[in-house]
Amino acid sequence: MAENAETLTIREQGNVLLQCPKLTEMNYILWSIKVETMLRLGHESHYLQTARGDILLTVSKHKDAKVVWEAILVQYLVVDQVQKELEMLRMKENQTINEFSGKISGIVAKFKSLGSSLEEEVVMRKLLNLAPKKYLPIISSIEQYSEIEIMSFEEAVGRLKAHGKAMMKRMKNKDNFC
């Protein structure tokens, strides 16, 4: 049996050669097809060598290879559903930054609980791209004068909230002078 960081190669008597890629967050479908083939050919234990450590920790309690396989399948299907939830998320015009950022934070927490993660920049861009038009001046300022690649989600939320408070104060002062 030869192995490197990217694939697991299994050689058996009769020259059966199976190569299974290491499981990553991006290659689940290809990985699952190859693992199903390995399972049909009776190589139950070998496919676990291709799974990431965090995945193995979540499925290690199972004793049967088929149950482990199903647990991994469910986990990746759930991750896919959470990804779609993030993609479909929209901020409503009457929704506060706190409410919307809370929904985003909830989705990030779901990813973490599944052993997956989202890059901070992706989460922050979701926040900035979906904020209502009234936040456009501060979003433009953030994009123009800040290093978005290293800005935290919390900092972006704080800047949007500060802008919202400043706008409310100006509107209140404007009403007092009219």
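The paragraphs below set out a description of the structure included in this document.

How each quantity is defined
- Residues numbered from 1 in each chain as written.
- Predicted model: local features only at pLDDT ≥ 70, side-chain atom pairs only at ≥ 80, totals over all residues.
- Heavy atoms only, no water.
- Helix = DSSP H or I, 4+ residues; strand = E, 2+ residues; numbered from the N terminus.
- Buried < 20%, exposed > 50% of the residue type's maximum accessible area, 1.4 Å probe, protein only.
- Contact = heavy atoms within 4.5 Å.
- Areas by Shrake-Rupley, 256 points an atom, 1.4 Å probe, with all protein chains shown as cover.
- Core = buried A, V, L, I, M, F, W, Y, C linked by side-chain atoms within 4.5 Å.
- Arc of directions from axis to C-beta.

In terms of helices and strands, the protein carries seven helices and three strands. Taken from the N to the C terminus, the helices and strands of the protein come in the order β-β-β-α-α-α-α-α-α-α. Sorting the 178 residues of the protein into buried and exposed places 36% on the buried side. Considering only contacts within the protein whose residues lie at least 6 apart along the sequence, 53% involve residues at least 24 apart. Here the protein displays about 11,600 Å² of accessible surface, and carbon together with sulfur accounts for 56% of that area.

On to the nonpolar core. Counting residues in each nonpolar core, the largest one holds 28 residues, and the members touching the most others are Phe100, Ile104, Leu127, Leu128, Tyr135, Ile139 and Leu160. Among the elements of the structure, helix H3 (65–88), helix H4 (97–113), helix H5 (120–130), helix H6 (136–145) and helix H7 (153–177) are those that each provide at least two residues to this core. For this core, the element with the highest residue contribution is H4, accounting for six residues. Counting 14 residues, the second largest nonpolar core, distinct from the first, contains Leu23, Ala51, Ile55 and Trp69.

At 3.6 residues per turn, the α-helix brings residues three or four places apart onto the same side. Of all the positions in H6, only Ile138, Ile139 and Ile142 are classed as buried. The buried residues of H6 all sit within an arc of 100 degrees when viewed along its axis, so they share a single face. Exposed and facing more than 90 degrees away from the buried side of H6 are Pro137, Gln144 and Tyr145.

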